[in-house]
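The primary structure of each chain is shown beneath.
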Amino acid sequence: MATPLKVQSQKKPPLAPTFVRVPLRDLLNLPNSLTLLRLFSIPLFLGLLGYRHYRAALWVFGFAALTDSLDGTVARWFDARTELGSFLDPFADKLMLVSAFVVLTMDGDFPPWLFGIVIIRDVIIVFGYFLVVFLTGERIPVRPSYIGKASTFFQLSCVVAALMRLDDVSPDYFNYLLYTTASSTALSGVHYIYRGLEILFYREPGMFE
């Protein structure tokens, strides 16, 4: 009796990754356009600082802070959140703040220890995020905590108060604001470290939200 021939199953080659082309009008929606406008205002802000036009620099910085509030609100209201926006928004915020802190520290308007705390906290957050992603193999959605939002608010307030002082409007609370900013920034850095360790030990990505 003849044995039936075995049909050898051929493995299908893996499919090549497909890339979805996103229309430009979807990428450059209103929230992302506001974020890009804030990003492009940074050279103007730094130029005004360099030429000692402090009042104009204050207006530009205030405009940037306003667009920061608007782009997130518009994205939530109209459900227009994109991957590009989730990357550009914090990048533009951090670039504006760090640029302001660098220039104002070099000019002696901020003490170096405050600049050191702000930079060390940001380095810890970025390094810790990539370390968690590397060790867990998961993309962790990072959203700022309430402490992180408070520290950003105080950092923005510090820049505004410093520009007001340079424009001969000296707030009496400036020194207290410096110490409050340093404390909230350091506390938020410790809090982010704590949440990162929770992810590593308990492997719960939701802990980072």
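That block above? That's the structure.
As the structure is a prediction and not an experimental result, all values here were calculated from the model.

Caption draft 1: Summary view of the nonpolar core. Counting residues in each nonpolar core, the largest one holds 30 residues, and the members touching the most others are Phe 45, Phe 61, Phe 101, Phe 110 and Val 159. Taken together, the elements giving at least two residues each to this core come down to α2 (30–50), α3 (54–77), α4 (83–106), α5 (112–136), α6 (146–166) and α7 (174–202). Considering every element that reaches this core, the biggest residue donor is α4, with 7 residues. Beyond its immediate chain neighbours, meaning those up to four positions away, Phe 61 contacts Phe 45, Met 96, Leu 97, Ala 100, Leu 156, Val 159, Val 160 and Leu 163.

Caption draft 2: Structural view of α5. The terminal C-alpha atoms of α5 lie 36 Å apart, and with 25 residues this matches the ideal 36 Å at 1.5 Å per residue to within 8%. Among all positions of α5, only Leu 114, Val 118, Arg 121, Asp 122, Val 132 and Thr 136 are buried. Of the residues flanking the end of α5, it is Gly 137, one or two places downstream, whose phi is positive at about 70°.

Caption draft 3: Summary view of the side chain of Ser 184. If you trace the backbone, Ser 184 turns up in helix α7. Look past the residues within four positions of Ser 184 in its chain and what remains in contact with it is Ile 147, Ser 151 and Phe 154.

Caption draft 4: A look at the packing of aromatic side chains. As enumerated under the stated definition, the model contains 6 aromatic pairs in all. Between Phe 45 and Phe 61, the ring centres sit 5.5 Å apart and the planes meet at 40°, which makes this aromatic pair tilted. Here Phe 45 is found in helix α2, whereas its partner Phe 61 is found in helix α3, with 16 residues between them in sequence. Relative accessible area serves as the criterion here: at 2%, Phe 61 is assigned to the buried category.

Caption draft 5: Here's a closer look at the side chain of Thr 181. In this fold, Thr 181 is placed in helix α7. Sequence-distant contacts of Thr 181, defined by excluding residues within four places in its chain, comprise Leu 114, Phe 154, Gln 155 and Cys 158.

Caption draft 6: The arrangement of the pattern of salt bridges in detail. Applying the stated rule across the entire model yields 5 salt bridges. When the shortest N-O distance is used, the salt bridge between Asp 89 and Arg 38 registers 2.6 Å. You can see Asp 89 sitting in helix α4 and its partner Arg 38 sitting in helix α2, a full 51 residues away along the chain. Asp 93 serves as the salt-bridge partner of Arg 38, at 2.9 Å between the closest nitrogen and oxygen. Within this pair, whereas Arg 38 is found in helix α2, its partner Asp 93 is found in helix α4, the two being separated by 55 residues in sequence. Take Arg 38 and Asp 93: they sit in the same class, and that class is buried.

The rules we used
Residues numbered from 1 in each chain as written. Predicted model: local features only at pLDDT ≥ 70, side-chain atom pairs only at ≥ 80, totals over all residues. Heavy atoms only, no water. Core = buried A, V, L, I, M, F, W, Y, C linked by side-chain atoms within 4.5 Å. Buried < 20%, exposed > 50% of the residue type's maximum accessible area, 1.4 Å probe, protein only. Helix = DSSP H or I, 4+ residues; strand = E, 2+ residues; numbered from the N terminus. Contact = heavy atoms within 4.5 Å. Expected span 1.5 Å × (residues − 1). Phe/Tyr/Trp six-rings, centres within 6.5 Å; stacked < 30°, edge-to-face > 60°. Salt bridge = Lys/Arg side-chain N within 4 Å of Asp/Glu carboxyl O.

Worth remembering: the numbers are spatial, not functional.
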